[in-house]
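One-letter residues, chain by chain:
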Amino acid sequence: MKTQIWFTIADLAERWGKSAHSVHRLLDGGKLQGMKIGGSWRIHADAVAEFESPGIPANRQKPAAFRAVPDVLGKRRRAKASA
């Protein structure tokens, strides 16, 4: 039987030198795959290896709508304020 390796949020926070909150955001955002077991997150070693691998798989890219959002309102507000 093959032994499976699972990580907790605290394990990955320590491994990556980040806060537990940062790791939790990765899970909530779908950038890191994991599952909840008894109310606690568990992340399989394969998911960690995929996340740590160089390059960004298609499922971890930001949607095009979020890449470059023009600051239309900010420009209008600044123009009004300076007028």
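Computed from a predicted structure; not experimentally measured. (Residues numbered from 1 in each chain as written. Predicted model: local features only at pLDDT ≥ 70, side-chain atom pairs only at ≥ 80, totals over all residues. Heavy atoms only, no water.)

A few words on the overall build of the chain. A tally of helices and strands in the chain yields five helices and three strands. Tracing the chain from N to C terminus, the helices and strands come up as β-α-α-β-β-α-α-α. The buried share among the 83 residues of the chain stands at 19%. When contacts within the chain are restricted to residue pairs at least 6 apart in sequence, those whose partners lie at least 24 apart make up 42%. (Helix = DSSP H or I, 4+ residues; strand = E, 2+ residues; numbered from the N terminus. Buried < 20%, exposed > 50% of the residue type's maximum accessible area, 1.4 Å probe, protein only. Contact = heavy atoms within 4.5 Å.)

This part covers a nonpolar patch on the surface. A contiguous nonpolar surface patch, about 270 Å² in accessible area, is contributed by Trp6, Met35 and Ile37. Mapped onto the fold, Trp6 is located in strand S1 (residues 6-7). (Patch = residues over 30% accessible without salt bridge, like charges linked within 9 Å, V, L, I, M, F, W, Y side chains within 5 Å. Areas by Shrake-Rupley, 256 points an atom, 1.4 Å probe, with all protein chains shown as cover. Salt bridge = Lys/Arg side-chain N within 4 Å of Asp/Glu carboxyl O.)

Take the packing of aromatic side chains next. The final tally for this structure, using the stated rule, is one aromatic pair. Relative to Phe51, the ring of Trp16 has its centre 5.1 Å away and its plane inclined at 35°; by these criteria the two rings are tilted. Placement of Trp16 in helix H1 (residues 9-16) and of Phe51 in helix H3 (residues 45-52) is noted, with a sequence separation of 35 residues between them. (Phe/Tyr/Trp six-rings, centres within 6.5 Å; stacked < 30°, edge-to-face > 60°.)

Glancing now at the pattern of salt bridges. Counting across every chain of the model gives one salt bridge. Across the pair Arg15 and Glu52 runs a salt bridge, and its minimum N-O distance is 2.8 Å. Of this pair, Arg15 sits in helix H1 while Glu52 sits in helix H3, and the two are 37 residues apart along the sequence.

Before going further, it helps to examine the pairing of strand S3 (residues 40-44). In terms of strand pairing, S1 meets S3 through two bridges, oriented antiparallel. Bridge assignment links Trp6 to a residue of S3, and that residue is His44. Between strand S2 (residues 35-37) and S3, which pair antiparallel in sequence order, lie two residues; one of them, Gly38, sits at a positive phi of approximately 60°. (Pairing = 2+ DSSP bridges.)

As a further point, take helix H2 (residues 20-28). Among all positions of H2, only Ser22, Val23, Leu26 and Leu27 are buried. Buried residues of H2 fall within an arc of 145° about the axis and therefore sit on the same side. The outward face of H2, more than 90 degrees from its buried face, is lined by the exposed residues His21 and Asp28. Summarising the contacts, the buried residues of H2 are in contact with H1, S3 and H3. (Arc of directions from axis to C-beta.)

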